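Architecture and fold: a report
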Amino acid sequence: MFNNVNNTSSTPYVNNTSGTQGVTNTQTAYTNTNTYGNDGYNSSMSTLGSGTNSYPVSQIISESPSIASSFSKFFIGSSSSLLRVGSNSVGRFFLNLMAGNIPFVTSKTVSTQISNSINVWVGRSDLVRTGMNPIEASLFQDAGIKNVTDLALIGNPSDQAVLAQMVNAAGAARGIPVAISSSQVANWVAASQQLPKYL
């Protein structure tokens, strides 16, 4: 039913178990805030994060604090700025360079791992716009929902109930106890259908 996101590779860039252990209440693990709009990319696509959640990039890229720090040095300090930059091929190329994916230097295997990780992080930045937090967004990706565009397609209530079960199972597999209900999924789907699509 859903396309799986490969988040289980042994890459140093995507390790979904790091930094998420011990979270017992994902509803209070992060506070929603829109204070991260002041970055170097405000002039274009300024409505991207308007009225929606934005999180520090360190929470979106919790698997690799060093890459999150590198992004912050280039004014990519929030999920909304990461999405703005990563919403097109030129921006994703720039993100790949900052993450160490250097053409003709990086091996093909590592290059693919970095590129896949960038896509996952940009998709996670997209998903938090619906109101979910980064951990919930990661679990939705584990269940095959890569971004807002994918989530918007789950309009059938029975599919939403199945998705809630899949997300809860993904949480259990990671050792993160969550209790996502089908009504929460329905709310996030409704939000995703109203948001502009960038991916």
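This one's a predicted model, so the numbers in the text were calculated from it and none came from an experiment.

1. Description of the overall build of the protein chain
What the protein chain contains, in helices and strands, is nine helices and zero strands. Across the protein chain, helices and strands are ordered from the amino to the carboxyl terminus as α-α-α-α-α-α-α-α-α. Split into buried and exposed, the 199 residues of the protein chain put 48% on the buried side. Pairs at least 24 apart in sequence give 64% of the contacts found in the protein chain among residues at least 6 apart.

2. With respect to the packing of helix α3 (residues 79–86) against helix α5 (residues 108–127)
Their axes nearest at 8 Å, the elements α3 and α5 cross at an angle of 125 degrees. For the element pair α3 / α5, the angle class is oblique. At the point where α3 passes α5, the crossing takes the left-handed sense. On α5, the residues touching Ser-79, Leu-82, Leu-83 and Gly-86 of α3 are Trp-121, Val-122, Ser-125 and Asp-126. Residue classes in the contact of α3 with α5 are distributed as four nonpolar, three polar and one charged.

3. Examining the nonpolar core
One finds Phe-71, Leu-82, Leu-95, Trp-121, Phe-140, Leu-151 and Leu-163 to be the most contacted residues of the largest nonpolar core, which totals 40 residues. The greatest single-element share of this core, amounting to six residues, is contributed by α5.

Each value, and the rule that gives it
Residues numbered from 1 in each chain as written. Predicted model: local features only at pLDDT ≥ 70, side-chain atom pairs only at ≥ 80, totals over all residues. Heavy atoms only, no water. Helix = DSSP H or I, 4+ residues; strand = E, 2+ residues; numbered from the N terminus. Buried < 20%, exposed > 50% of the residue type's maximum accessible area, 1.4 Å probe, protein only. Contact = heavy atoms within 4.5 Å. Axes fitted to C-alpha atoms, helices over the stretch in contact; angles between N-to-C directions. Parallel < 35°, antiparallel > 145°, perpendicular 65-115°, else oblique. Left-handed = near helix turned anticlockwise from the far one by under 90°. Nonpolar A, V, L, I, M, F, W, Y, C, P; charged D, E, K, R; others polar. Core = buried A, V, L, I, M, F, W, Y, C linked by side-chain atoms within 4.5 Å.

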